[in-house]
Amino acid sequence: MLELKNISKEYNKRVILDHVNMTVEDGEIMCIVGESGAGKTTLLRCISGLERIDGGQILIDGKEFDPYSNQNNDSVIGVVFQEYQLFPHLKVLENITLAPIMVLKKKEAEARQEAMQLLEGLSLADKAKLYPYQLSGGQKQRVAIARAMAMKPRILCYDEPTSALDPGLRDTVKNIILDLKKSGMTQIVVTHDMDFAKQIADSILKVKPSRG
Amino acid sequence: MSYILEILPSLLEGAQLTLKIFLWTVVGSIPLGLIVGLGLTSHFVPLKAILKFYVWLMRGTPLLLQLIFVFYGLPLIGSGALTLQRYDAALFAFILNYTAYFAEIFRGGLQSIDHGQYESAKVLRLSYLQTVRKVITPQVLKIVLPSIGNEVINLVKDSSLVYVIGLGDLLRAGNVATSRDVTLVPLILVGVIYLLMTAVLTFILRKLEQHYSYWK
C-alpha cells in the first residue's frame, strides 16, 4: 500500500501541490486526473523520485519512504513517460535488459529470457531486434512498459498514456493496464482524459490547481 | 625522380613524428574532452567556473604561444623542476589545447540530449556513471562526430607548429630540404603527404559516421 500524506511541492515559490493526500491499495489502479497545470505530472514525479517533496510523507506498507533517495531495488517505482524515452541507440531487447543487467546484476541470458517473455506478453516478440525509431508510437509505449516491468517494480506509473496515441489505440492501452492489474500490479495513471480514467480506475484523485 | 627518392626518407621520418604527435593527442584529448565536457554541464558551480576559465584560456591564446610557454616558459617558472623534453612539451601543449576544443564540442552534444533520457535512466535505477557510459555517451558520440572530425583534421596540420620548439616534423623536414637544395619539390611533396594523411582520416571518419547510422 502506498500512502501520501500532506504532500507539498513548490517551484520558484509557486505552490504546485498543496497538502495532497492519497492512498493506493496493492493491486489497484489509481487515476490522477485534472486539467493541465494542475500538478498531476508533478505529483507523479514526486512519487517516482524525480522530484524532492517539500513537505509531507510518503509511506509504503506503513513505512516511511523517500523515493528521491531510495536505493532499495525491492521498491522500484516504474515509470512509463509520456514521450516514452526509450534509448534510441539500443535495440528493443537491449532497452529492456539494460537495467536488469547493470542494476540487478542479472546474467545476460536470464535477462534476455525474461525480456522476451515480457515482449511476448505485449505481442512485440517480433520487434525485439528493431531500434526504437523503427516502431510506431503504440509499439514504443509497449516497449516502455516492458522496460519498466523488467525491474519488477512495486508500482507502475504512467504519465498521460493516451495523449500521444491514435484514438483507436486507447483500448489497447486500457487492456494492457487491466491485464497488468490481473497479475497484481499496482498502477498509477496520470491522465486528463476523464472517460479513460472512469474505464480503468478503482479510485480517482482529482487534482485542482492550487491558488498561491 | 631520383631526387624525390633521395629526400623521401627524411620527409617520412618527419611524417612519423607528425603522426606520433597527432595520434597521442587524439588518444589523450578526446577522452579528456568528454570528461571536461561533463564537468562543463555539471551543476557544481566552482568546478564549472574553473573549467570555463581553462577553456577560455586555451581557446583565447594561440597554440603557438602555448607551445613556446610550455617548453621555454615552464622551466623558468619552476626553476627547472618543470622542464619537459621537446617531444613531451609538444604533446603536453597539444593535449591541453585540444582537450579544451573537444570539451566545448562535447558540451554541445551533451546539452542536446533530452533531459528525459537521464530521467528514464534514473527511474530504472542506473547510477550516474552507468547512465553516462551506457545511455548518454553513445548518443553524444553520434552527434559530435562531424565536429570532432573537423578538429582532428585541423590537428594534423596544427602539428606542424612544433617546429618552433625545434622538433623535426614533416614540414620542417621539407623546409630544410628546400633551403638546402633550392627547389620547391620537397614542399610539394610535403603537401602531398599531408593530403594523403587527411584523406585517410576523412575516409576513417566517414566509416565511423556510417557505423553510427544504424539508429536515428
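Under the annotation held in an unreviewed UniProt entry, chain B carries the name Polar amino acid ABC transporter permease and is attributed to Liquorilactobacillus aquaticus DSM 21051. Regarding chain B, the relevant UniProt record gives this comment under Sequence similarities (unreviewed entry): "Belongs to the binding-protein-dependent transport system permease family." One UniProt comment on chain B, placed under Subcellular location (unreviewed entry), says "Cell membrane".

As named in an unreviewed UniProt entry, chain A is Amino acid abc transporter, atp-binding protein, taken from Liquorilactobacillus aquaticus DSM 21051. Checking UniProt for chain A, the heading Sequence similarities (unreviewed entry) contains the comment "Belongs to the ABC transporter superfamily."

Break down the overall build of chain A for me, citing the residues and quoting the values.
Scanning chain A from terminus to terminus reveals six helices and nine strands. Taken over C-alpha atoms, the radius of gyration comes to 17 Å for chain A, in line with the 17 Å a tight globule of 212 residues would show. Its C-alpha atoms put chain A at 50 × 40 × 35 Å along the principal axes. When each of the 212 residues of chain A is scored for burial, the buried share is 55%. Carbon and sulfur atoms make up 45% of the accessible area of chain A, which totals about 9900 Å². Looking at chain A, you have 28 positive and 28 negative side-chain charges, and the mean spots of the two groups are 3 Å apart.

Explain the pairing of strand S2 (residues 14–24) of chain A to me, using residue names and the numbers behind them.
Residues and elements named next belong to chain A. Pairing geometry for strand S1 (residues 2–11) and S2, over seven bridges, is antiparallel. Paired with Ile7 across the two strands is Val20, which belongs to S2. In sequence, S1 turns back onto S2 through a hairpin of two residues, with Asn12 there showing a positive phi of about 45°.

Break down the nonpolar core for me, citing the residues and quoting the values.
Counting 58 residues, the largest nonpolar core has Leu11, Phe94 and Leu170 of chain B as the members making the most contacts within it. Of all the secondary-structure elements, those providing two or more residues to this core are helix H2 (92–102) of chain A together with helix H1 (2–40), helix H3 (63–77), helix H4 (86–111), helix H6 (128–158), helix H7 (170–181) and helix H8 (185–211) of chain B. Looking at this core element by element, the count peaks at 10 residues for H6 of chain B. With near-sequence residues (within four places) excluded, Leu170 of chain B lies in contact with Leu11, Gly14, Ala15, Thr18, Val190, Ile193, Tyr194 and Met197 of chain B. With 35 residues, the next largest nonpolar core counts Val80, Tyr84, Ala115 and Ile200 of chain A among its residues.

Give a description of the UniProt feature "transmembrane region" (unreviewed entry) in chain B that names residues and reports values.
All names here are of chain B. Cross-referencing UniProt, the feature "transmembrane region" (unreviewed entry) maps to residues 21–41, 53–77, 89–110 and 184–205 in the present numbering. As annotated, residues 53–77 has a helix share of 92% and a strand share of 0%, and its two end C-alpha atoms lie 21 Å apart. Taken end to end, residues 89–110 is 100% helix and 0% strand, and its two terminal C-alpha atoms sit 31 Å from one another.

Run through the confidence of the model for chain A, naming residues and quoting values.
When pLDDT is averaged along chain A, the result is 92; 99% of the residues meet or exceed 70. Per-element mean pLDDT across chain A ranges from 88 in strand S5 (residues 63–64) of chain A up to 97 in H2 of chain A.

Talk me through the packing of aromatic side chains; I want residue IDs and the actual numbers.
Counting across every chain of the model gives six aromatic pairs over all chains. Considering the side-chain rings of Phe71 of chain B and Tyr72 of chain B, the 4.8 Å spacing of their centres and the 75° angle between planes classify their relative orientation as edge-to-face. Residue Tyr72 of chain B is classed as partly exposed on the basis of its relative accessible area of 42%. Ring centres 6.0 Å apart and planes at 50° place the aromatic pair Tyr98 of chain B and Phe102 of chain B in the tilted group. Here Tyr98 of chain B and its partner Phe102 of chain B are both found in helix H4, four residues apart, which amounts to about one turn of the helix. For Phe102 of chain B, a relative accessible area of 0% puts it in the buried group. Through successive ring pairs, a cluster of aromatic residues spans Phe94, Tyr98, Tyr101 and Phe102 of chain B. Lying across the ring of Tyr68 of chain A, Lys122 of chain B places its NZ or CZ 4.8 Å from the centre. The side chain of Lys142 of chain B reaches across the aromatic face of Trp215 of chain B, ending 4.7 Å from its centre.

Mind laying out the environment of His89 of chain A, listing which residues take part and the relevant values?
Relative to the assigned elements, His89 of chain A resides in the loop between strand S6 (77–80) and H2. Sequence separation between His89 of chain A and Glu3 of chain A is 86 residues, and the spatial gap between their C-alpha atoms is 37 Å. Residue contacts for His89 of chain A: discarding those within four places in its chain leaves Tyr131 of chain A together with Lys134, Val135, Pro138, Gln139, Tyr214 and Trp215 of chain B. Looking at His89 of chain A, its side chain comes within polar contact range of the main-chain oxygen of Lys134 of chain B, at 2.7 Å.

I'd like a rundown of a nonpolar patch on the surface, residues and numbers included.
A contiguous nonpolar patch, built from Leu184, Leu187, Ile188, Val192 and Leu196 of chain B and spanning about 460 Å² of accessible area, is present on the exposed surface. With respect to the helices, strands and loops of the structure, Leu184 of chain B is situated in the loop between H7 and H8.

So what's going on with the interface of chain B and chain A? Residues and values would help.
Between chain B and chain A, the residue contacts involve 20 residues of the former and 28 residues of the latter. For chain B, the biggest contributors to the area lost against chain A are Val123, Leu124 and Arg125 of chain B; these three give 34% of the whole. At the junction of chain B and chain A, the tally comes to one salt bridge. Across the contact surface, chain B and chain A share eight residue pairs in polar contact (both at pLDDT 80 or more). Only helix H5 (115–123) and H6 of chain B provide two or more residues apiece to the side of chain B that touches chain A. Looking at the side of chain B that touches chain A element by element, the count peaks at seven residues for H5 of chain B. Here the side of chain B that touches chain A is built from residues that sort into eight nonpolar, five polar and seven charged.

The rules behind these values
- Residues numbered from 1 in each chain as written.
- Chains lettered and ligands numbered in written order.
- Predicted model: local features only at pLDDT ≥ 70, side-chain atom pairs only at ≥ 80, totals over all residues.
- Heavy atoms only, no water.
- UniProt positions renumbered as here; feature names shortened; annotations may be inferred.
- Helix = DSSP H or I, 4+ residues; strand = E, 2+ residues; numbered from the N terminus.
- Rg over C-alpha atoms; globule rule 2.2 N^0.38 Å.
- Buried < 20%, exposed > 50% of the residue type's maximum accessible area, 1.4 Å probe, protein only.
- Areas by Shrake-Rupley, 256 points an atom, 1.4 Å probe, with all protein chains shown as cover.
- Lys, Arg positive; Asp, Glu negative; His and termini not counted.
- Charge placed at Lys NZ, Arg CZ, Asp CG, Glu CD.
- Pairing = 2+ DSSP bridges.
- Core = buried A, V, L, I, M, F, W, Y, C linked by side-chain atoms within 4.5 Å.
- Contact = heavy atoms within 4.5 Å.
- pLDDT = per-residue confidence, 0-100.
- Phe/Tyr/Trp six-rings, centres within 6.5 Å; stacked < 30°, edge-to-face > 60°.
- Lys NZ or Arg CZ within 6 Å of the ring centre and 35° of its normal.
- Polar contact = N/O pair within 3.5 Å; in protein donor to acceptor, adjacent residues only side chain to side chain.
- Patch = residues over 30% accessible without salt bridge, like charges linked within 9 Å, V, L, I, M, F, W, Y side chains within 5 Å.
- Salt bridge = Lys/Arg side-chain N within 4 Å of Asp/Glu carboxyl O.
- Buried area = accessible area lost by both parts, 1.4 Å probe.
- Nonpolar A, V, L, I, M, F, W, Y, C, P; charged D, E, K, R; others polar.

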